Amino acid sequence: MSISRRSFLKGLMVSSTAVLVGPGLLQVAEAAAAETKGTWKISGSHWGAFRARVYAGKVQEIKAFEADKYPTEMLNGIKGIIYSPSRIRYPMVRYEWYLNREKSDTTKRGDNRFIRVTWDEAISLFHAELERMQTQYGPWAIHAGSTGWRSTGQVHSCGNHMARAIAMHGYTVNKVGDYSTGAGQTIMPYVLGTTEVYAQGTSWPLILKNSKTIVLWGNDLVKNLQVGWNCETHESFEYLEQLKEKIANKEIRVISVDPVVTKTQDYLNSEQQYINPQTDVPFMLAIAHTLYKEELYDKKFIETYALGFEDFLPYLLGETKDKVEKTPEWAETICGIKADDIREFARSIVKERTQIMVGWSIQRQQHGEQPYWMAAVLATMLGQIGLPGGGISYAHHYSSVGVSSTGAAGPGGFPRNPDKPQNRIHKNQDFKGYSSTIPVARWIDCILEPGKKIQTNGATITLPDLKMMVFSGCNPWHHHQDRNNMKKAFHKLETVVSVDFTWTATCRFSDIVLPACTQWERNDLDLYGSYSARGIIAMQKLVDPLFQSKTDFEIFTLLARKLGQEKDYTRGKTEMQWVEELYSDCVESNKANFPMPDFKTFWKEGFVDFGKGKDWTRQADFREDPEINALGTPSGFIEIFSRKIDRYGYKECQGHPMWFEKSERSHGGPGSDKHPIWLQSCHPNKRLHSQMCDSQAFRETYTVQGREPIYINSDDAKKRNINDGDLVRVFNKRGQLLAGAVISDNFPTGVARIEEGAWYAPLDEKIGSLDTYGDPNTLTQDIPTSELAQATSANTCQVQYEKFQGQAPAVTAFSGPIEAS
Amino acid sequence: MDTDISVVNESRASLYWWFATLLTKELDKEQLALYFSGEGLQLLDQLAEEAVFEKPVKQIKSALLTVLAVKQPELELAADFSELFLTDAKKGAPPYASVYLSETGQLFEQPHHDMLAIFKKQGLAVDPTFNEPADHIAIQLDYLGNLIIQDGGEVSETQVAFIEESVLPWLGLFVTATTKVSNSGFYQGICQLMQAFIEQDIAAIKA
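Please read these numbers as outputs of a predicted model, since none were measured by experiment.

Quick notes on the rules
- Residues numbered from 1 in each chain as written.
- Chains lettered and ligands numbered in written order.
- Predicted model: local features only at pLDDT ≥ 70, side-chain atom pairs only at ≥ 80, totals over all residues.
- Heavy atoms only, no water.
- Helix = DSSP H or I, 4+ residues; strand = E, 2+ residues; numbered from the N terminus.
- Rg over C-alpha atoms; globule rule 2.2 N^0.38 Å.
- Buried < 20%, exposed > 50% of the residue type's maximum accessible area, 1.4 Å probe, protein only.
- Contact = heavy atoms within 4.5 Å.
- Areas by Shrake-Rupley, 256 points an atom, 1.4 Å probe, with all protein chains shown as cover.
- Buried area = accessible area lost by both parts, 1.4 Å probe.
- Salt bridge = Lys/Arg side-chain N within 4 Å of Asp/Glu carboxyl O.
- Polar contact = N/O pair within 3.5 Å; in protein donor to acceptor, adjacent residues only side chain to side chain.
- Nonpolar A, V, L, I, M, F, W, Y, C, P; charged D, E, K, R; others polar.
- Pairing = 2+ DSSP bridges.
- Axes fitted to C-alpha atoms, helices over the stretch in contact; angles between N-to-C directions.
- Phe/Tyr/Trp six-rings, centres within 6.5 Å; stacked < 30°, edge-to-face > 60°.
- Parallel < 35°, antiparallel > 145°, perpendicular 65-115°, else oblique.
- Left-handed = near helix turned anticlockwise from the far one by under 90°.
- Disulfide = S-S within 2.5 Å.
- Core = buried A, V, L, I, M, F, W, Y, C linked by side-chain atoms within 4.5 Å.

Peer 1: Hey, could you go over the overall build of chain A for me, with residue numbers and the actual values?
Peer 2: Tallying secondary structure elements over chain A gives 29 helices and 30 strands in all. Here the C-alpha atoms of chain A give a radius of gyration of 28 Å, agreeing with the 28 Å that 2.2 N^0.38 yields for 821 residues. Along the first, second and third principal axes, the C-alpha atoms of chain A reach 105 × 65 × 60 Å. Counting the 821 residues in chain A, one finds 66% classified as buried. When contacts within chain A are restricted to residue pairs at least 6 apart in sequence, long-range pairs at least 24 apart make up 77% of them.

Take a look at the structure:
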């Protein structure tokens, strides 16, 4: 083939272009291994373990680990995470911030240009900001303690890396609690002696054998058991299958107390006790009232195991300040359950062995401490705590709680604290009167109202004047409430640093963004079964870190190097040496009871199986001897009345459980005239919080016109002329979003669901701008549960919605930072 | 060997490599200076003599004037580069064939594997310091430059096939994506110049 003689090309001074041309991008390949179909490797995740075929440097297919008999379909989303166009490919710095640092125009956060910097420059900037904060302000100005669900793996656990490296530099503000169970984990130690929410529960075989009734209180087991804190085993599903059979055979009754028909109810084909949203406490009080009045409650159990029933009774009987007797008739007007049905419900659960299983939804609302406490009071009145298949649990929907524990030790983690705290660069511990620890959900208040004093769990704390936030594997622009309030707060921050593998909204609102690799681009190991400790799973690196991403271990080693403490940080060990060491320590801990193979064998096989644990009944030891096996409460007994809490003198969490009206409530409650729909933002069915929302093909299995679904009732839809599949604008005074209508009569009138974790995708950086994808926290309110826990109240949220008219704007999430043009 | 073709090929290869360089990474201060007054400007002027290149060159020069007005023009262009190629996969123009040609719109799809297969045959691999999918536009252009030089005084079928099968199917989509981003317009101009050049090049070969 020839080419026409083009004059300009002939005349082109090749030598002059030489200085304009950079080095080539190709090189001679190393001798390639013989061609195969690829290699199968094993890894784990919150969604379970799997084997992956890797070929030509790419994950080609994923198969559930053969020991997992009930794998979640979310495994189909894994590849979409690794190869998402939302990946952060290089270290990036917000351009405006790069030019002007702390004097940057912060109102532009969330709509800004970024520039790529080298890793060296990125780490230098990160370090310089930490340094500036410590010298110009003090430890109170930096919050580097917020953490989220991270990725699995014990060596690379991102919170530990961030905490260790930053602590080697100086002190910072830290948090207590979390967004899942803030109210529950704070109240329950006063009542039953442990958090209860993160505790092993009675084994399923004992429940299946002994329970006659199971009450699922705001609890969707089938939806939530798909994911686990460590590598999930899905062993609970075997028991749910048996439960389904027992329900069909009428051996066990399962009643779901819930405003909506849950996935669990659909699966089990079980019963529902409808209840108006947020009114669990009136229903519970009325049950207690019935049990008391009809003398059905277990007096002896209360006498032996509980304190304060007599202090609670006057409230129940209307003899205290409010003068309201908590009769079923009184409750009916609030909770929407007929008084006679309440009585019948009370009689039915006390008649035979009843296991109450409470979910976390009812404590993620204003006064969320109360339903948890009151449920414990009910269980105490039933007198079955400590009996197999009786009593109460607050965690059977979480991480396979209820699958018996083997008792084997899991692998430890990369150390969170510095080995030599005396070598900390900045030793200043003067927080200038501010508190060094804050309740997790109050950090936005810190930024907006520094110096404000608040009550929390028996203490008075002063909100620190935060100037810099550091996040790693944490997406508060998903889990915190009220986006527009967050936008206001972020205008006040000087510097925000995020470490993540994907452009979450948090990264988009940050100044320095460091690309971590995904958990499948590094070697690690994990416990298989968070509570069951079924085994140890190898997490073999599937592919090398993509682009310029690095492991958390490498990223924070670079920061430690800047501090001149690299060796102290890594202890002179590589990633693989850490994996091996954590494994060997685990072998040592287990040598008496669970002999384990050597590391090489483990790494090759990919799994150590500890087998099945022994069945166990929660609080059985306490029941057997409450003196010797006292609970962890101040008195050692179940505290129906807490003197300690009473002495705090709080208004919204007093000495015993009580009903408090909510700031917003549906079905005739406050605010329902203007915004009649209660919006529940429960844990998603096809994500882990906001994780996997960026996995495009999998996301498209549930989105409606590319938007997050809003599940609505057919009558509510008809009233608004909305058809299934329409776009809907959902709004209240705090914000507005677009979502796609899914009409389902699993949802009663006055109730809608948008699952949390939907990525925030505002049209622009301006306060009030429309969220184009459908993040429910655009609408939720940022108020504390009470003075006790100061936890999130996401489920206290009223909205209105209408059919969206006009040209819908494109979804702005799932790519890089947005720029409104 | 046709010495004329050999000379033309050297120029062609240089231009492909030049485009590859511009799309590999941001220009630093020294490199950018060459476009204000130096070899870069000369090259642009020379290209502008061809009617089809006049418009994009004009855009590039006008963008250069715009960024010259800011304190650190190289940073302004770096922000443009990021905006187009490094961050926003939707509003920007990710420089990967997979994004435009695969059904999923994901990274590392078939076009990436196709490039790997081509490299494998030639015993080549992407330089690990440029850790990018093999269907990155700069990698394709860099490889094309190499092919042209290998051909010496001729234009091989391989070269033509590569342009037609690997580059042209997404070139227009990619360049159009760049035009949707509004900033100084420097890289949009470069991309349009590149497209015009490639189209003219293949037309000249086929003529």
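Let us keep going from here.
Peer 1: Got a sec to walk through the overall build of chain B? Specific residues and values, please.
Peer 2: For chain B, the count of helices and strands is ten helices and one strand. Listing the helices and strands of chain B from first to last along the sequence gives α-α-α-α-α-α-α-β-α-α-α. Here the C-alpha atoms of chain B give a radius of gyration of 17 Å, agreeing with the 17 Å that 2.2 N^0.38 yields for 207 residues. Viewed in the frame of its principal axes, chain B has a C-alpha envelope of about 45 × 45 × 30 Å. Across the 207 residues in chain B, those meeting the buried criterion constitute 62%. Per element, the accessible surface of chain B, about 8,100 Å² overall, is 53% carbon and sulfur.

Peer 1: Talk me through the interface of chain B and chain A; I want residue IDs and the actual numbers.
Peer 2: Counting residues at the interface gives 78 residues for chain B, matched by 58 residues for chain A. Of all residues in chain B, the largest losses of buried area upon contact with chain A belong to Leu86, Thr87 and Gln106 of chain B, amounting jointly to 9% of the total for that side. In this structure, Arg113 of chain A engages Glu83 of chain B in a salt bridge whose closest nitrogen and oxygen atoms are separated by 2.7 Å. Inspection of the chain B/chain A interface yields 24 residue pairs in polar contact (both at pLDDT 80 or more). The biggest single contributor to the side of chain B that touches chain A is helix α1 (residues 3-24) of chain B, with 13 residues. In terms of residue class, the side of chain B that touches chain A is built from 38 nonpolar, 19 polar and 21 charged. When strand β1 (residues 26-28) of chain A meets strand β1 (residues 124-126) of chain B, the two strands line up antiparallel, connected through three bridges.

Peer 1: Please provide a residue-by-residue account of the sheet that holds strand β4 (residues 58-64) of chain A, values included.
Peer 2: All names here are of chain A. Pairing is antiparallel in the open sheet, where three strands are placed in the order β2-β3-β4. Two strands lie at the open edges of the sheet, namely β2 (39-43) and β4, each paired on one side alone. Sheet twist, expressed as the average angle between the axes of neighbouring strands with direction ignored, equals 30°.

Peer 1: Go over the packing of aromatic side chains, please, and point to the residues and values.
Peer 2: Tallied over the full model, the rule gives 65 aromatic pairs over all chains. Relative to Phe490 of chain A, the ring of Trp477 of chain A lies with its centre 4.9 Å away and its plane at 85°, an arrangement referred to as edge-to-face. With Trp477 of chain A in helix α19 (residues 476-479) and Phe490 of chain A in helix α20 (residues 483-492), this pair connects stretches of sequence that are 13 residues apart. With centroids separated by 5.4 Å and ring planes inclined at 50°, the aromatic side chains of Trp170 of chain B and Phe174 of chain B adopt a geometry described as tilted. One end of the pair, Trp170 of chain B, and the other, Phe174 of chain B, are both in helix α9 (residues 157-179), four residues apart, so they sit about a helical turn from each other. Residue classification places Trp170 of chain B among the buried positions, given a relative accessible area of 0%.

Peer 1: Talk me through the pattern of salt bridges; I want residue IDs and the actual numbers.
Peer 2: Pairing is possible between side chains of opposite charge, provided their charged atoms come close. All names here are of chain A. Per the stated rule, a full pass over the model turns up 53 salt bridges over all chains. With its nearest N and O atoms 3.8 Å apart, the salt bridge here joins Glu325 to Lys293. In this pair, Glu325 is assigned in the loop between α14 (309-316) and α15 (328-335) and Lys293 in helix α12 (residues 280-293), connecting sequence segments 32 residues apart. A cluster of three or more residues bridged by salt bridges with shared partners is formed by Glu102, Lys103, Glu129, Arg132 and Glu494.

Peer 1: Any details on the side chain of Arg687 of chain A? Residues and values, ideally.
Peer 2: All names here are of chain A. Tracing the backbone shows Arg687 in the loop between β25 (677-680) and α28 (696-699). Within polar-contact distance, the side chain of Arg687 engages the side chain of Tyr702 at 3.0 Å. Contacts of Arg687, omitting those with residues within four sequence positions, involve Trp47, Met74, Met692, Cys693, Tyr702, Glu708, Glu755, Glu756, Gly757, Ala758 and Tyr773.

Peer 1: Kindly report on the packing of helix α3 (residues 39-48) of chain B against helix α4 (residues 51-68) of chain B, identifying the contributing residues and their values.
Peer 2: Residues and elements named next belong to chain B. Look at α3 against α4: their axes get within 8 Å of each other, and the N-to-C directions meet at 150°. With respect to α4, the axis of α3 lies roughly antiparallel. Regarding α3 and α4, the two cross each other, and that crossing is left-handed. Between α3, through Leu41, Leu44, Asp45, Leu47 and Ala48, and α4, the contact on the second element is made entirely by Phe53, Glu54, Val57, Ile60, Lys61 and Leu64. Among the residues forming the contact of α3 with α4, the class breakdown is eight nonpolar, no polar and three charged.

Peer 1: Please give an account of unusual backbone geometry that cites residues and values.
Peer 2: Residue and element names in this part refer to chain A. At Lys432, a position not held by glycine, the phi torsion is positive, near 55°. Within the element layout of this structure, Lys432 appears in the loop between β14 (391-393) and β15 (437-439). Relative accessible area serves as the criterion here: at 56%, Lys432 is assigned to the exposed category. The backbone of Gln705 sits at a positive phi, close to 50°, despite the residue not being glycine. Structurally, Gln705 is set in the loop between α28 and β26 (709-712).

Peer 1: How would you sum up the side chain of Arg113 of chain A? Please name residues and give values.
Peer 2: Its location among the elements puts Arg113 of chain A in the loop between α4 (95-100) and β6 (114-116). By relative accessible area, Arg113 of chain A is classed as buried at 15%.

Peer 1: Can you tell me about the environment of Ser256 of chain A, naming the residues and giving the values?
Peer 2: Residue and element names in this part refer to chain A. Mapped onto the elements, Ser256 comes out in strand β10 (residues 253-257). The exposure class assigned to Ser256 is buried, which follows from its relative accessible area of 1%. Sequence-wise, Ser256 and Ile275 are 19 residues apart; in three dimensions their C-alpha atoms are separated by 9.8 Å. Filtering out sequence-adjacent residues up to four positions away, Ser256 remains in contact with Leu216, Thr262, Gln265, Glu271, Gln272 and Gln273.

Peer 1: Explain the state of the cysteines to me, using residue names and the numbers behind them.
Peer 2: Residues and elements named next belong to chain A. Counting across every chain of the model gives zero disulfides over all chains. Of all cysteine sulfurs, the one in Cys158 lies closest to Cys474, which takes part in no disulfide; the gap is 8.2 Å. What makes Cys474 buried here is its relative accessible area of 3%. In this model Cys797 remains outside any disulfide bridge; the closest cysteine sulfur is found in Cys682, 13 Å from its own. Taking relative accessible area as the criterion, Cys797 reaches 0% and is therefore assigned buried.

Peer 1: Mind laying out the sheet that holds strand β27 (residues 727-732) of chain A, listing which residues take part and the relevant values?
Peer 2: Residues and elements named next belong to chain A. Strand order in the closed barrel formed by six strands is β25-β29-β26-β28-β27-β30, and the pairing between neighbours is mixed. On average, each strand axis in the sheet is inclined to that of its neighbour by 45°, with strand direction left out of account. When β26 meets strand β28 (residues 735-743), the two strands line up parallel, connected through four bridges. In the sheet register, Tyr711 faces β28, and the bridge partner there is Val742.

Peer 1: If you had to explain the pairing of strand β3 (residues 50-55) of chain A to someone new, which residues and values would you point to?
Peer 2: All names here are of chain A. Here five bridges tie β2 to β3, and the two strands are oriented antiparallel to one another. Each bridged residue has a counterpart across the sheet, and for Trp40 the counterpart in β3 is Arg53. In this antiparallel pair of consecutive strands, β2 and β3, the connection spans six residues, and Gly48 shows a positive phi of 120°. Looking at chain direction, β3 and β4 are connected through six bridges and run antiparallel. Residue pairing in the sheet places Arg51 in a bridge with Lys63 of β4.

Peer 1: Residues and numbers for the nonpolar core, please.
Peer 2: Core analysis: the biggest nonpolar cluster contains 176 residues, and Trp217 of chain A together with Trp18 and Met194 of chain B have the highest contact counts within it. Per-element accounting of this core gives the leading share, eleven residues, to helix α10 (residues 186-206) of chain B. The residues touching Trp18 of chain B, leaving out its near neighbours within four places in the chain, are Leu20 and Val21 of chain A together with Tyr35, Leu43, Leu44, Leu47 and Leu193 of chain B. Core analysis: the next-biggest nonpolar cluster, separate from the first, contains 92 residues, Ala49, Leu130, Ile512 and Leu558 of chain A among them.

Peer 1: Kindly report on the packing of α15 of chain A against helix α16 (residues 339-351) of chain A, identifying the contributing residues and their values.
Peer 2: All names here are of chain A. Close contact between α15 and α16 brings their axes to 8 Å; oriented N to C, the two are set at 110°. One way to sum up the angle between α15 and α16 is to call them roughly perpendicular. In the packing of α15 onto α16, the handedness of the crossing is right-handed. Counting all contacts with α15, which are made through Pro328, Glu329, Ala331, Glu332 and Cys335, the residues of α16 involved are Ala339, Ile342 and Arg343.

Peer 1: Help me get a handle on the environment of Gln154 of chain A, residues and values and all.
Peer 2: Residue and element names in this part refer to chain A. Its location among the elements puts Gln154 in the loop between β7 (142-143) and α6 (158-169). Residue Gln154 is classed as buried on the basis of its relative accessible area, which comes to 13%. Placed 260 residues apart in sequence, Gln154 and Phe414 show a C-alpha to C-alpha distance of 6.3 Å. Setting aside its immediate chain neighbours within four residues, Gln154 contacts Asn230, Pro411, Gly412, Gly413, Phe414, Asp524, Leu525, Asp526 and Leu582. A polar atom in the side chain of Gln154 sits 3.4 Å from the backbone oxygen of Gly412.

It is worth stressing that arrangement in space is one thing and function is another; only the former is reported here.
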